[in-house]
Amino acid sequence: CYICFYFSLPGCVTCLDHDEHYILNFPNGYGRQVNALIVHLYIYNCRSILTVPWIELGGECSISCSKTGYNASIVFHTKPFYGGKKHRITADIFSPNDKKPFCSIEGEWNGVMYAKYSTGENAVFIDTKKMPTIKKKVRKLEDQDDFESRCLWKDVTYNLKIRDIDAATAAKH
């Protein structure tokens, strides 16, 4: 069984403090030998032929800001069949109108990423394991419209929490 998700629509992240809008696209997700519901819920890649499935992302992405002109090219690397590491990411960050990156990133998207700057300096870019978890701010269900995400998926979420996969599947329809 092989499942693949292509995310073709771009997203927009707005930094209100600086009035900047970042347009980005998303990595693809792939699934092998997994329940389609699991892949849908995680929107990640769970691959397995001879091993336990793992969560993975794959593909090329970009982020750009029209106001500043800064942009980045990002590659989420899928694990090769033999050898290699899981969750690898590489990225190049460019100043406006530059063809050569001023910073290159490599590491694991769910772990530590390292930066190498054009000045020769090397540093930890980010360690996702040390980042604090920030609780989402979500309106109460009774304050949401019928087609807002939490309201729309509440029955699926409830049935998954009580481990009733058949009821969760039925609630999707």
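Residues numbered from 1 in each chain as written. Predicted model: local features only at pLDDT ≥ 70, side-chain atom pairs only at ≥ 80, totals over all residues. Heavy atoms only, no water.

Asks: Give a detailed account of the overall build of the protein, specifying residues and quantitative values.
Replies: Of the regular secondary structure elements, the protein holds four helices and twelve strands. Put simply, the protein has 173 residues, and 25% of those count as buried. Taken as a whole, the protein presents about 12600 Å² of accessible surface, with 56% of it coming from carbon and sulfur. (Helix = DSSP H or I, 4+ residues; strand = E, 2+ residues; numbered from the N terminus. Buried < 20%, exposed > 50% of the residue type's maximum accessible area, 1.4 Å probe, protein only. Areas by Shrake-Rupley, 256 points an atom, 1.4 Å probe, with all protein chains shown as cover.)

Asks: Go over the sheet that holds strand S2 (residues 11-15), please, and point to the residues and values.
Replies: Spatial strand order, S2-S3-S7-S8-S9-S10-S11-S12: eight strands in an open sheet with antiparallel pairing. At either end of the open sheet lies a strand with only one pairing partner, and these are S2 and strand S12 (122-127). Direction aside, the axes of adjacent strands within the sheet are offset by 20° on average. Bridging between strand S7 (residues 59-65) and strand S8 (residues 71-77) involves six bridges; their strand directions are antiparallel. Pairing of Cys61 across the sheet is with Ile74, part of S8. (Pairing = 2+ DSSP bridges. Axes fitted to C-alpha atoms, helices over the stretch in contact; angles between N-to-C directions.)

Asks: Describe the environment of Lys130, and please don't skip the residues or the numbers.
Replies: Tracing the backbone shows Lys130 in the loop between S12 and helix H2 (149-152). Given the relative accessible area of 70%, Lys130 is considered exposed. Sequence separation between Lys130 and Val112 is 18 residues; the distance between their C-alpha atoms is 9.1 Å.

Asks: Let's hear about the nonpolar core: which residues, and what values?
Replies: In terms of nonpolar packing, the biggest core is built from 13 residues, with Ile74, Phe76, Ile89, Ile93, Cys103, Ile105 and Trp109 touching the most fellow members. Looking at this core, the elements with two or more residues in it are S8, strand S9 (88-94), strand S10 (103-108) and strand S11 (112-117). When sequence neighbours within four positions are dropped, the list of residues in contact with Ile105 reads Ile89, Thr90, Ala91, Ile93, Met113, Tyr114, Ala115 and Phe125. (Core = buried A, V, L, I, M, F, W, Y, C linked by side-chain atoms within 4.5 Å. Contact = heavy atoms within 4.5 Å.)

Asks: Would you mind going over a positive patch on the surface in detail, with residue names and values included?
Replies: Positive charge collects at one region of the surface, where Lys135, Lys136, Arg150 and Lys161 lie side by side. Residue classification places Lys135 among the exposed positions, given a relative accessible area of 75%. (Patch = residues over 30% accessible without salt bridge, like charges linked within 9 Å, V, L, I, M, F, W, Y side chains within 5 Å. Salt bridge = Lys/Arg side-chain N within 4 Å of Asp/Glu carboxyl O. Lys, Arg positive; Asp, Glu negative; His and termini not counted. Charge placed at Lys NZ, Arg CZ, Asp CG, Glu CD.)

Asks: Give me the pairing of S11: which residues, what numbers.
Replies: Across five bridges, S10 lies against S11 in antiparallel orientation. Paired with Gly107 across the two strands is Met113, which belongs to S11. In this structure, S11 lies alongside S12, joined through five bridges in antiparallel fashion. By the bridge assignment, Met113 is partnered in S12 with Ile126. Between S11 and S12, which pair antiparallel in sequence order, lie four residues; one of them, Gly120, sits at a positive phi of approximately 100°.

Asks: Tell me about the pattern of salt bridges, and name the residues and values.
Replies: Oppositely charged side chains are able to pair whenever their charged atoms sit close together. In the structure shown here, the tally under the stated rule is one salt bridge. The residue Glu148 makes a salt bridge to Arg139 at a minimum N-O spacing of 2.5 Å. For Glu148, a relative accessible area of 24% translates into the label partly exposed. Classification of Arg139 as partly exposed rests on a relative accessible area of 48%.

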